[in-house]
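# A closer look at the structure
Below, each chain spelled out in residue letters.
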Amino acid sequence: MPGTSPLRLCVVGASGRMGGTIIREAPADRFVITGAVAAADEPAIGKTLKELDIADIDLKVTPPASLRDLLPSADVCLSFTSPAAEVENLPSVAASGRPLILGTTGFSEAQHAYVLETLNAKIPCVMASNFSIGANMLFAMASTLKSLPADFDISVLEMHHSGKADAPSGTAKTIAEAVSKARGYSSTVYGRSGMSKRARGELEVASFRGGGMPGEHAIYAFGPNEMLKFEHLAFSRSAFAQGAILAAAWIAQNREPRVFSMLDVLGFNP
Ligand code: NAD
């Protein structure tokens, strides 16, 4: 909107693959980076985003202890780090009252419960295992599998770069939940080896890791005589970064203090 001041973003994980992409992708006429935070032991600390070749911005990367000073002058915090880092940093973010875009994946069940308890009803937050628009369309499509006959078996395949630590991906877990809900599945098999025939009512999830693959997810529905495949391929991290930036603009519009999903941002949830 003409005359509107740019939205001030504090990016946590600024020296990482996702944080760097978000900083580069945020259009300068609508967003300004006011905080760039990384792990305290990173060589990036104390260097500017320009020196690090992340973006042409003279802003220094600072350690997590700087969050308390940075958050009051930011409109939205975006965090793409690691589960352990989120457990450490989120109490400061919640105490700041600032809206949050949380993209970190790989939380254990206990960490996930802690994150929800720390954020829910405290600050407006969009938490998503995948911020790309297409992958969220895939989540929505998973619910349509309920209409297939019982003799269709459903499998999920995901592929990511060799630097990804968690498997299966957070996105695959979200898809698995949606498929299991739609199909009434009670168990999930991660990979398959040895003597184990597929049982009815069982979801199968497999992960590949290799090279620079930014991320592919596919849902297969195997019928006795035909196969249906829903597939999403991210060409680059820009797909996630642009979704996260869209979510930042959405959450800044005086949302209530609760944890939203990317489906809420895209208007897929009623
Ligand atoms: P990366 O390893 O390239 O970067 C991690 C960043 O976190 C680094 O800048 C590091 O300094 C920072 N960090 C680590 N500990 C920290 C701490 N205590 N405080 C502040 N910063 C800290 O990782 P990446 O590939 O950018 O991925 C980051 C996370 O985002 C992962 O969990 C990944 O699975 C997830 N991810 C999510 C989406 C999505 O759409 N939701 C897409 C891609 C990746």
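This text goes with the structure placed above it.
Let us look at the structure shown here. Just so we're clear, the structure is a prediction, and the values are computed from it rather than from any experiment.

## Details of the site of the ligand
By nearness alone, 25 residues border the ligand, and S15, R17, M18, T105 and F131 come closest of all. R17 places a polar main-chain atom, nitrogen or oxygen, 2.9 Å from an oxygen atom of the ligand. T105 places a side-chain nitrogen or oxygen 2.7 Å from an oxygen atom of the ligand. Protein burial of the ligand: of its 870 Å² of free accessible surface, 83% is covered by the chains. Structurally, the ligand is housed in the second largest pocket.

## Comments concerning the nonpolar core
Counting residues in hydrophobic clusters, the biggest one holds 37 residues, and the most contacted among them are L9, I22, L78, I101, V126 and F131. Mapped by element, the contributors of at least two residues to this core are strand 1 (7-12), helix 1 (17-25), strand 2 (31-37), strand 3 (76-79), helix 7 (238-251) and helix 8 (262-265). When residues in this core are grouped by element, the largest group, eight residues, is from helix 7. Ignoring anything within four residues of it in the chain, the contact list for L78 reads L9, C10, V11, V12, I22, I101, A244 and A248.

## What about the sheet that holds strand 10 (residues 227-233)?
Read from one edge of the open sheet, five strands run 7-8-6-9-10, paired in mixed fashion. Looking at strand neighbours, the two that pair on one side only are strand 7 (187-190) and strand 10, the edges of this open sheet. Looking at each pair of strands side by side, their axes are set apart by 15 degrees on average, direction ignored. Running at roughly 150 degrees to strand 10, helix 5 (residues 133-142) makes contact with strand 9 (216-222) and strand 10 of the sheet.

## With respect to the environment of N130
Structurally, N130 can be placed in the loop between strand 5 (125-127) and helix 5. On the basis of relative accessibility, which here comes to 3%, the residue N130 falls in the buried class. Contacts of N130, omitting those with residues within four sequence positions, involve A135, N136, F139, T171, H217, F240 and M262.

## Details of the packing of helix 5 against helix 6 (residues 170-183)
At a minimum axis separation of 8 Å, helix 5 and helix 6 run at an interaxial angle of 20 degrees. When the interaxial angle is binned, helix 5 and helix 6 end up roughly parallel. Crossing handedness for the pair helix 5 and helix 6: right-handed. Contact residues: helix 5 offers L138, F139 and A142, while helix 6 offers T171, T174, I175, A178, V179 and A182. Each residue belonging to the contact of helix 5 with helix 6 can be placed in one class, and the counts come to seven nonpolar, two polar and no charged.

## Observations regarding the packing of helix 1 against helix 7
Any two packed helices are characterised by the angle at which their axes cross and by the distance between the axes. Two elements in contact, helix 1 and helix 7, have axes separated by 9 Å at closest approach and are oriented at 65 degrees. Of the two elements, helix 1 crosses helix 7, and the hand of that crossing is right-handed. Contacts between helix 1 and helix 7 involve M18, T21, I22 and E25 from the first element and S238, F240, A241, Q242, A244 and I245 from the second. For the contact of helix 1 with helix 7, the residue count by class is six nonpolar, three polar and one charged.

## As for the packing of aromatic side chains
Note on aromatic pairs: each is described by the distance of the centres and the angle between the planes. Scanning the entire structure with this criterion turns up three aromatic pairs. Note on F80 and F131: the rings are 5.9 Å apart at their centroids and 50 degrees apart in plane angle, and the pair reads as tilted. Of the two residues, F80 is situated in the loop between strand 3 and helix 3 (83-96) and F131 in the loop between strand 5 and helix 5; the sequence distance between them amounts to 51 residues. Take F80: its relative accessible area is 13%, and that puts it in the buried class. With a relative accessible area of 1%, F131 lands in the buried category.

Rules and cut-offs
- Each chain carries its own residue numbering, running from 1 in the written order of its sequence.
- The predicted nature of this model means local features are confined to residues of pLDDT at least 70 and side-chain atom pairs, given and counted, to a pLDDT of 80 or more, with totals for whole chains, interfaces and linings taken over all residues.
- To obtain the side-chain values, all non-hydrogen atoms of the structure were included, while hydrogens and water were left out.
- Put simply, a residue is near a molecule or strand once any heavy atom of it comes within 4 Å of that molecule or strand.
- By the criterion applied in these results, polar contacts are pairs of N or O atoms within 3.5 Å in which, for protein atoms, one can donate a hydrogen and the other can accept it, and in which residues neighboring in sequence qualify only through two side-chain atoms.
- We get accessible surface area from the Shrake-Rupley algorithm with a probe of 1.4 Å; when it comes to residues, only the shown protein chains can shield them.
- Using a 1 Å grid laid over the protein atoms alone, points where a 1.4 Å probe fits but cannot get out form a cavity; open sets with protein on both sides within 12 Å along at least 5 of 7 lines form a pocket; any residue with an atom within 4 Å of a point counts as lining.
- A cavity or pocket is said to hold a molecule if more than half of that molecule's atoms lie within 2 Å of its grid points.
- Definition used in this section: a nonpolar core is a set of buried Ala, Val, Leu, Ile, Met, Phe, Trp, Tyr and Cys residues joined via side-chain atoms within 4.5 Å.
- Burial status follows relative accessibility: with a 1.4 Å probe on protein chains alone, a residue under 20% of its type maximum counts as buried, one over 50% as exposed, and anything between as partly exposed.
- Secondary structure elements are defined from DSSP: runs of H or I of at least 4 residues count as helices, runs of E of at least 2 residues count as strands, and each element is numbered from the N terminus.
- Pairs of residues are marked as contacts when any of their non-hydrogen atoms sit within 4.5 Å.
- DSSP-based pairing: two strands are paired if at least 2 bridges between them are found.
- To obtain an axis, a line is fitted to C-alpha atoms, over the contacting stretch when the element is a helix, and the angle between two such axes runs from 0 to 180 degrees between their N-to-C directions.
- Throughout this description, any angle smaller than 35 degrees is read as roughly parallel, any larger than 145 degrees as roughly antiparallel, any in the 65 to 115 degree range as roughly perpendicular, and the remainder as oblique.
- The handedness criterion is simple: a crossing whose near helix is rotated anticlockwise from the far helix by less than a right angle is left-handed, and one whose near helix is rotated clockwise is right-handed.
- Under this grouping Gly is polar, as are all residues other than the nonpolar Ala, Val, Leu, Ile, Met, Phe, Trp, Tyr, Cys and Pro and the charged Asp, Glu, Lys and Arg.
- Any two rings among Phe, Tyr and Trp, with Trp reduced to its six-membered ring, count as a pair given centres within 6.5 Å; such a pair is stacked if its planes are under 30 degrees apart, edge-to-face if over 60, and tilted if neither.

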